Every structure is written in structure tokens, then in C-alpha cells.
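Here's the letter readout for the chains.
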Amino acid sequence: MKVGAFVLKKTLKCIVLTLCIALSVSCSVFADTGSFARIETENDTAVSAISRNVFEPIKTITGASLNTEMQLSGLSDIFVSEKGDIYLLCSEISRIIKINSDYTLNKEIAITDKDGVEVSFSGAQGLYVEKNGNIYLADTNNSQILITDANGKVLSSWAQPESDIIPKDFIYNPIKILKNSDGYTYVLSRGCYYGTIVYDPNGEFTGFMGANSVNATVIDAFTNLIKGIFTSEEKQSAQVKNLPYSFVDFAMDKQGYMVTCTGSTEAMTNGTGQIRRINSSGSNILFKTYNSGDSVSSTEYNFLEKEIIKKQGMKQIQNIVSVDVDKNGFMYALDKTFGLIYVYDSDCNFLTGLGGLDDTLGNFTDPVALAVTDKGFLVADLKKSTVTVFEITDFGEKLFNAQLMYLDGEYTASESLWNEVLKLDRYNQPAYRGLSMISYNNGDYKEALKLAKAGYDYNVYDMAYQKLFTSFIADNFVWLLMVIVAFLSGITALFIYLKRNKKALIKNQKLRTACSVTFHPFVAFDDVKYNNRGSLTLAIILALVFFVSASLKETGSGFLFMEQSAKDYNMLYTLAKTIGLLILWSVSNWLICALLSGRGKLKEIFTATVYALIPYIIWTFISIGLSWILPLSGAGFISGFNTVILIYTFFLLSVAMMKIHDFNFFRFLLTGVVTLLAMLFIVFIIFMMVILLQQFWNMIYAVFTETLYR
């Protein structure tokens with residue numbers, strides 16, 4: 001009854017949580033432009049939910065709105081100067097449009113040579129403007145960089161640099177240009193997987209910097225070694241090489257570090273490492289900090305969506321085509337596939353997302369470039385020939401300022417802002433995390449626990465819990481010690497009494513045999529085999545308890561030890577890896593051992609296998625209880641003891657199979673390995689049958705549908 005009540009309680013909690021999230025989504029009347037947040041849950045998983053607007057589209061810039069005769073055809077890049085002037089690269093009409101900070105036309109710039117003749121730069125992909133107004137233009141199709149004055153008169157041009165370190169087959173197609181405060185110029189060339197091309201302040205080529213790396217496995221290395229030994233040079237040169245992905249855009253932050261985006265990084269998934277932060281030596285220094293406090297390199301983090309959407313049976317892989325950084329170090333990335341803008345802070349914490357693909361204000365049809373302004377950001381749409389202007393909302397300013405203070409360690413100063421953010425968005429996780437850290441620093445550990453749990457901040461939760469746990473132990477040490485001593489004394493006295501009076505605590509012989517497996521495995525399994533003291537009914541009950549223990553471990557553990565979100569829990573998966581695995585092992589072992597002179601019956605194999613799991617089942621319930629008591633530092637103890645229990649369970653299983661089949665240890669190992677192979681084969685056959693049945697059903701459905709049409 002207690003277990004049933006606990007499961008019912010957890011189920012009700014899941015329902016309430018789901019309703020709360022659904023309510024927060026359905027009641028968001030402020031989601032007209034598709035703004036969304038990510039709700040991070042157990043095990044660093046995240047789900048998207050509609051949120052209050054952090055940015056709002058305020059207008060669309062077109063040729064007509066600028067009172068120009070030409071449309072903004074061929075929009076391929078945007079540059080925003082420190083003064084706030086906006087430069088639009090319109091390669092199809094070979095014009096650079098300069099716009100004032102109030103979004104009015106300043107002038108149209110045509111590129112002219114030294115004789116005053118206009119130069120066509122159709123297909124140009126990028127531009128950069130210096131403080132003095134000089135323009136650097138990536139003339140992609142003409143394989144050159146044009147440097148002009150503020151009026152577009154060509155001062156010089158850079159063709160493909162000549163150097164021994166540049167491969168003979170290198171194709172120079174510059175697409176993006178960037179300069180740092182020291183005067184170094186960085187150029188991205190289309191398809192260049194060597195990194196950025198670097199020029200010194202004198203315009204001299206100095207080398208490449210910051211190339212992406214290829215993720216190679218041990219199998220890849222072994223395969224390449226074999227190919228190198230047994231494959232001729234001609235065949236090796238004809239083989240497809242696994243090359244790193246090239247950068248497609250970059251930006252410079254206020255600290256002088258380069259932020260890059262890579263676009264599509266996988267063929268069938270969104271991949272990882274789409275955004276990087278490169279220092280002067282070319283190393284990535286961008287890290288993702290998880291709720292648990294652990295950090296990983298951004299190369300191992302997926303900045304886009306986990307789920308892959310299919311359209312007409314084809315996977316829609318997301319593709320970041322543009323990136324920029326604002327004055328606070330917040331990173332903005334533009335996804336071309338779905339027209340989405342993602343905003344992250346310098347610790348890779350997701351702040352907001354917005355956008356979409358349609359003709360409404362704030363959405364796009366073919367987004368190609370993004371640039372940050374003092375008030376928000378701009379997005380260029382190639383097909384629409386427009387630039388959409390986004391400005392930050394009052395809510396967005398509060399959120400960004402509070403998050404910036406949090407990152408700088410100014411927790412107390414950010415408290416009022418976080419409270420205002422929560423008033424406007426009651427499910428804002430960054431606000432809960434910020435307030436939990438403030439409560440912890442103020443010594444209000446109970447409030448810190450509550451807020452950290454709401455924000456899924458395992459780091460603050462663990463720190464606050466350790467303070468409360470340590471304080472509780474210190475205040476109640478004497479009483480706890482007395483209870484432990486009394487409990488151990490009582491257990492000892494009970495066993496002494498039973499032994500002296502030759503009484504049994506458990507009178508049922510079959511139940512007593514099951515209970516003695518842990519301490520007397522050889523005698524107990526002999527009784528199961530030869531004295532008919534194994535109970536199939538008891539084994540089935542224990543198997544069900546095994547399933548319940550695994551379910552509770554995944555959904556009912558303490559907050560710090562929760563393995564996955566309750567709302568994502570799949571009971572069928574747990575059923576398959578507990579009872580399903582027991583049945584599969586028993587059947588496979590029976591089939592294999594029957595061919596190898598094993599004496600065990602199917603009922604005996606199943607019963608003995610379940611009996612061998614008794615210590616593990618008991619430990620699972622104990623570990624669940626400990627997960628509610630111990631801080632995160634106790635994870636090592638739980639994990640270590642779990643390993644010990646698993647080893648002992650394997651020992652019990654070895655004894656069980658040897659006794660049931662009358663095998664020695666080496667024969668058990670042989671049959672055990674063959675049993676595992678048989679299990680894999682059976683699973684393979686089951687999967688094949690399921691696939692064939694699905695195909696058969698699809699064929700029947702297609703024939704039926706075709707018959708109806710005819």
C-alpha cells in the first residue's frame with residue numbers, strides 16, 4: 001500500500017507539473033512572434049516552451065522605406081559601425097547602402113576604380129567598415145578583397161595570397177571579413193577547412209588560425225592505419241576524406257576574442273559545436289556550464305534543437321549561417337533552415353529564441369545575415385529583399401541586465417531585477433537560479449533549496465543542502481548515535497536469541513531459502529535444485545519488485561540524483577530492461593545449456609536468476625532512500641557501493657547457474673558468453689520481425705488506398 005501510495009503521489013506530481021507547463025504555454029498571450037525559452041530539467045535535458053518576448057520586430061527596411069529607386073536585391077551581409085551606422089551589402093545591384101541609426105537613408109555607395117569606373121561585385125558575400133570609413137569588401141566570385149575609401153573608391157585589392165603553407169588546390173573565395181583592434185584582418189574563404197586567413201596590419205598573409213577539428217574514433221584511427229598499410233597511394237588519393245567543417249561567419253567580442261559559427265555539422269543530426277570562441281592561438285575557449293556546475297567545451301554542446309523535424313520524409317537539418325556578439329558578450333546565432341534566432345550568454349546559457357518562416361513581421365523566408373545593434377539586432381532576408389529591425393523589450397532589458405550581473409557575481413545587486421523578471425514570467429528559470437544564489441549567499445538555505453529546485457540548479461541546491469545537512473548532523477549527533485547503537489544492539493540481540501533458542505524468524509521453508517541466498521548461496525541454490533525449495537510464485541513476485549525498484553530509482557530518487565524527468569519516463573523501457581531481460585536470459589540460457597548437457601529446467605533457471613538479484617533489489621531501495629538524505633558529494637559512495645553489489649550479484653548468479661546446471665566455473669563462463677550472444681540474436685530477430693511486419697502493413701495499406709482511388 002505504501003509503495004502504491006508513493007507511485008500515485010509521483011504520478012499526481014507529474015500531472016500537476018505537466019499542467020503547469022501547459023498552462024504557462026497556453027496562457028502566454030505575448031507569444032505572437034514565436035519567442036520561446038528552454039526549460040532545463042533532469043540530466044541536463046531541455047524542452048522548449050513559449051515565453052514572453054525579449055525582442056520585438058518594430059519595422060522592416062526596404063528600398064521603398066529608404067526612398068531609393070532600387071530594391072535591396074542580393075542582400076548578403078549587414079555591418080553595424082560603432083557609431084550605429086548600418087551598411088547593407090546588396091551584391092545583385094552592386095551597391096552598399098549606408099543607413100543612419102534612425103533607419104533613414106544616408107547614401108548609396110558604388111565601388112569605383114581609380115578611373116572612376118564602377119566595379120561590379122555581384123555575388124559578394126561580406127563587408128567590414130573601419131572607424132575611418134574605409135570599406136573591406138569580400139568580392140567572392142572574383143576571388144578578391146576590395147579595400148575602398150568611405151565613398152567606394154578602390155584603394156587596393158587582395159588576391160589569393162602566395163605562400164608555401166597554402167595548398168596547391170586551395171580555392172580563394174572570400175565570404176567574410178573582420179579586423180581586430182591591433183589591425184589584423186581575418187578572412188573566411190568558402191569551403192576553407194584550415195580556419196581563418198590572417199593578414200597583418202600591413203596586409204601581409206601570416207597564416208591560418210582556429211580550424212575546426214575532426215572527431216575521430218578509435219575505429220577510425222585503426223581503419224586509416226590498415227588503409228595506409230594495404231592501400232596504394234592512387235587509391236588513397238581517390239578516397240573521400242573526413243575533413244573538418246569550415247566556418248561560415250564570425251564576429252569579434254569586446255575582449256578581442258573571435259566568435260565563430262560552423263553551420264551544419266552533421267549529415268543526419270544537428271550535431272554539436274556550432275558556435276566557438278577562439279583566442280589568439282586558435283584554441284576554443286567557449287564552455288557550456290550545466291546546472292550541475294560541470295562544464296564541457298562548446299564543441300560537445302548542441303546549440304540548436306535536439307529533435308529533428310521531417311518534411312516529406314526528409315530530415316530538416318538546422319544550419320547556422322550568421323553570428324554576432326553584443327556589448328555584454330551575449331551571442332546571437334541565425335538558423336537558416338527555420339529562420340530562428342538563438343541568443344546565448346557567455347556561459348552558453350540559453351536566454352531566448354524567436355523567429356520562423358513565413359511572411360509576417362518578425363519572420364523570414366530566406367534569412368542570410370544578422371547584425372547586433374545597441375537596441376537589438378537586424379536580420380537580412382534575401383528573398384524578401386528586406387531587413388527586419390528587432391529591438392529589446394522592457395522585459396528583455398531586465399532579463400539581460402540581471403543575467404549579466406549574475407555572470408559577474410553581483411548577486412545582491414541583481415535581486416530586484418530578478419524579482420521583476422519573475423513577475424513578468426513566472427516560469428523563467430534564469431530568475432530562479434539567480435534568486436537561489438542570492439538566498440544561499442544570504443544564509444537562507446531553505447529558500448535557496450526551493451528556488452534552486454524550481455530552476456533545476458543542482459549546484460546551488462547541493463551547496464545549500466550540504467549546509468543544512470551538516471547543521472542537522474551537528475545539532476543531533478548524540479541522538480542519531482544513540483538511535484544507531486540501539487538499532488544495531490536490537491538486531492544483534494534478536495539474532496542471538498533466535499540462535500540460542502533454535503527458533504527461525506521465517507517459518508516458510510521456501511521463503512527462508514530465498515532469504516538465505518545472500519549469505520549462504522551454495523546451500524540455498526542446492527536446496528532450490530535438489531530439495532524443491534525454489535518457488536516460482538515467489539520469483540515472479542520478486543521480479544515485479546525488481547521492476548518497481550528500477551522504476552522508483554528513475555522517477556523517485558532525490559532531486560540531486562534524479563536520472564531523468566518524470567514526464568519523459570517510459571515504463572515500457574524499464575519493463576524491458578528488468579522483467580524482459582530476466583525472461584530473455586532464462587530462455588536463452590535454457591536453450592544453450594540444453595544443448596551443452598545442462599541439467600537446469602526453465603523454471604529453475606528463472607527462479608535462481610531472480611534469487612541472485614535479491615541483494616541488488618534491496619540495495620536499489622536503500623540507494624533511493626540515501627538519495628533523499630545524502631548531498632551530491634555522497635554520489636561517490638552510492639556509486640562505489642553499487643559497483644560492489646553488482647560484482648556480488650554476478651558472483652551469486654555464477655553460483656546459481658553452476659548449481660542448477662551442475663557446471664564448473666569455466667563451463668559456466670562458456671555457456672554465459674554463448675547465452676549473451678543468443679540473447680543478441682533473439683533481439684535481432686525480434687527487431688527484424690517488427691520491421692517486416694511494419695513493411696507488410698504499409699504495403700497492405702498502400703494497396704487498400706490505391707484500390708479506393710481506383
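The rules behind these values
Residues numbered from 1 in each chain as written. Predicted model: local features only at pLDDT ≥ 70, side-chain atom pairs only at ≥ 80, totals over all residues. Heavy atoms only, no water. Helix = DSSP H or I, 4+ residues; strand = E, 2+ residues; numbered from the N terminus. Contact = heavy atoms within 4.5 Å. Areas by Shrake-Rupley, 256 points an atom, 1.4 Å probe, with all protein chains shown as cover. Phe/Tyr/Trp six-rings, centres within 6.5 Å; stacked < 30°, edge-to-face > 60°. Buried < 20%, exposed > 50% of the residue type's maximum accessible area, 1.4 Å probe, protein only. pLDDT = per-residue confidence, 0-100. Core = buried A, V, L, I, M, F, W, Y, C linked by side-chain atoms within 4.5 Å. Pairing = 2+ DSSP bridges. Axes fitted to C-alpha atoms, helices over the stretch in contact; angles between N-to-C directions. Polar contact = N/O pair within 3.5 Å; in protein donor to acceptor, adjacent residues only side chain to side chain. Salt bridge = Lys/Arg side-chain N within 4 Å of Asp/Glu carboxyl O. Left-handed = near helix turned anticlockwise from the far one by under 90°. Nonpolar A, V, L, I, M, F, W, Y, C, P; charged D, E, K, R; others polar. Arc of directions from axis to C-beta.

1. Brief notes about the overall build of the chain
Reasoning step 1: When its secondary structure is counted, the chain shows 17 helices and 29 strands.
Reasoning step 2: Partitioning the contacts of the chain with sequence separation of at least 6, the portion at a separation of at least 24 is 53%.
Reasoning step 3: Per element, the accessible surface of the chain, about 37,600 Å² overall, is 60% carbon and sulfur.

2. Some words on the packing of aromatic side chains
Reasoning step 1: Inspection of the entire model under this criterion finds 37 aromatic pairs.
Reasoning step 2: Each ring, one from Tyr 128 and one from Tyr 136, has its centre 6.4 Å from the other, and the planes form 70°; the classification is edge-to-face.
Reasoning step 3: Residue Tyr 128 is classed as buried on the basis of its relative accessible area, which comes to 14%.
Reasoning step 4: The class for Tyr 136 is buried, based on a relative accessible area of 7%.
Reasoning step 5: Residues Tyr 342 and Phe 350 carry aromatic rings whose centres are separated by 6.2 Å and whose planes lie at 65° to one another, so their mutual orientation is edge-to-face.
Reasoning step 6: Exposure remark for Tyr 342: the relative accessible area of 1% places this residue in the buried category.

3. Some points on the confidence of the model for the chain
Reasoning step 1: With 88% of its residues at a pLDDT of at least 70, the chain reaches an overall mean of 84.
Reasoning step 2: pLDDT under 50 marks residues 1-33. Its contacts with residues more than four places away, or in other chains, come to 32 contacts.
Reasoning step 3: Note that pLDDT drops below 50 for residues 234-244; the model gives that stretch 13 contacts with residues more than four away or on any other chain.

4. Side note on the side chain of Lys 98
Reasoning step 1: Mapped onto the secondary structure, Lys 98 falls in strand β6 (residues 95-99).
Reasoning step 2: Lys 98 sits in the buried class, given a relative accessible area of 14%.
Reasoning step 3: Dropping the residues within four chain positions of it, Lys 98 is found in contact with Asp 85, Ile 86, Tyr 87, Leu 105, Asn 106, Lys 107 and Ile 109.

5. A look at the nonpolar core
Reasoning step 1: Core analysis: the largest hydrophobic core is formed by 83 residues, its most contacted members being Phe 55, Tyr 332, Ile 341, Phe 377, Phe 400, Trp 418 and Tyr 611.
Reasoning step 2: Of the residues forming this core, the biggest block, 9 residues, is contributed by helix α16 (residues 635-661).
Reasoning step 3: Phe 121, Ile 147, Ile 166 and Met 209 belong to the second largest nonpolar core, which has 39 residues in total.

6. Quick word on the pairing of strand β17 (residues 258-261)
For a regular strand, side-chain orientation follows a simple rule: the groups alternate between the two sheet faces.
Reasoning step 1: Burial along β17 is two-sided: Met 258 and Thr 260 facing one way and Val 259 and Cys 261 facing the other are all buried.
Reasoning step 2: Where strand β16 (residues 249-252) lies against β17, 4 bridges are found, and the strand directions are antiparallel. Pairing of Met 252 across the sheet is with Met 258, part of β17.
Reasoning step 3: Joining the antiparallel neighbours β16 and β17 is a turn of 5 residues, in which Gly 256 adopts a positive phi near 85°.
Reasoning step 4: Sheet topology note: the β17/strand β18 (residues 275-278) ladder contains 4 bridges and is antiparallel. Residue Val 259 lies in a different strand from β18, and its bridge partner there is Arg 277.

7. Concerning the sheet that holds β17
Reasoning step 1: With antiparallel pairing, 3 strands are arranged side by side in an open sheet as β16-β17-β18. Where the open sheet ends on each side, the last strands, each with one partner, are β16 and β18. Each strand of the sheet is rotated relative to its neighbour by a mean of 20°, with strand direction disregarded.

8. Quick look at the environment of Asp 253
Reasoning step 1: Structurally, the position occupied by Asp 253 is in the loop between β16 and β17.
Reasoning step 2: Distance in space between the C-alpha atoms of Asp 253 and Asp 326 is 7.2 Å, their sequence separation being 73 residues.
Reasoning step 3: Excluding its chain neighbours within four sequence positions, the residues that come into contact with Asp 253 are Arg 277 and Val 325.
Reasoning step 4: Of note is the side chain of Asp 253, whose polar atom sits 2.8 Å from the backbone nitrogen of Tyr 257.

9. Description of the pairing of strand β9 (residues 135-139)
Reasoning step 1: Most of β9 is tucked away: 5 of the 5 residues are buried.
Reasoning step 2: Residues of β9 alternate between two faces, with Ile 135, Leu 137 and Asp 139 on one and Tyr 136 and Ala 138 on the opposite face, all of them buried.
Reasoning step 3: Direction of pairing for strand β8 (residues 126-129) relative to β9: antiparallel, over a ladder of 4 bridges. Pairing of Leu 127 across the sheet is with Leu 137, part of β9.
Reasoning step 4: Taking the residues between adjacent antiparallel strands as the criterion, β8 and β9 are bridged by 5 residues, where Gly 133 takes a positive phi near 95°.
Reasoning step 5: Pairing of β9 with strand β10 (residues 144-148), which is carried by 5 bridges, proceeds in the antiparallel orientation. Of the residues in β10, the one forming a bridge with Ala 138 is Ile 145.
Reasoning step 6: Taken together, β9 and the strand that follows it, β10, pair antiparallel across an intervening segment of 4 residues, in which Ser 143 is found at a positive phi of about 55°.

10. Here's the deal with the pattern of salt bridges
Reasoning step 1: The tally for this structure, following the rule as stated, stands at 16 salt bridges.
Reasoning step 2: As a salt-bridge pair, Glu 447 and Lys 450 come within 3.3 Å of each other at their nearest N and O atoms. Here Glu 447 pairs with Lys 450, and both are found in helix α7 (residues 445-454), just 3 residues apart, close to one helical turn.
Reasoning step 3: Residue Glu 447 is classed as partly exposed on the basis of its relative accessible area of 26%.
Reasoning step 4: Notably, a salt bridge pairs Lys 529 with Glu 604, separated by 3.1 Å at the nearest N-O pair.

11. Focus: the packing of helix α5 (residues 415-424) against helix α6 (residues 429-441)
Reasoning step 1: Viewed as axis vectors pointing N to C, α5 and α6 meet at an angle of 145°, and their least axial separation amounts to 9 Å. Judged by the twist between their axes, the crossing of α5 over α6 is left-handed. Counting all contacts with α5, which are made through Glu 415, Trp 418, Asn 419, Val 421 and Leu 422, the residues of α6 involved are Pro 430, Ala 431, Tyr 432, Gly 434, Leu 435 and Ile 438.
Reasoning step 2: In the contact of α5 with α6, the residues fall into 8 nonpolar, 2 polar and 1 charged.

12. Details of unusual backbone geometry
Reasoning step 1: In this structure, Cys 348 is a non-glycine residue whose phi angle is positive, near 65°.
Reasoning step 2: Residue classification places Cys 348 among the buried positions, given a relative accessible area of 0%.
Reasoning step 3: Notably, Tyr 456 is not glycine yet its phi reads approximately 55°, a positive angle.

13. With respect to α5
Reasoning step 1: Inspection of α5 places Leu 417, Trp 418, Val 421 and Leu 422 among the buried residues, and these make up the whole buried set. One face of α5 carries all of its buried residues, which in axial projection span an arc of 140°.
Reasoning step 2: In the core, the buried residues of α5 are packed alongside α4 (394-407) and α6.

14. Things to note about the sheet that holds β6
Each strand in a sheet pairs with another by means of backbone hydrogen bonds, the pair being arranged parallel or else antiparallel.
Reasoning step 1: Across the sheet, which stays open at both edges, the 4 strands sit in the order β4-β5-β6-β7 with antiparallel pairing between neighbours. Strands with a single pairing partner mark the edges of an open sheet, and in this sheet they are β4 (75-80) and β7 (105-109). The mean angle between the axes of side-by-side strands here comes to 20°, regardless of whether they run parallel or antiparallel.

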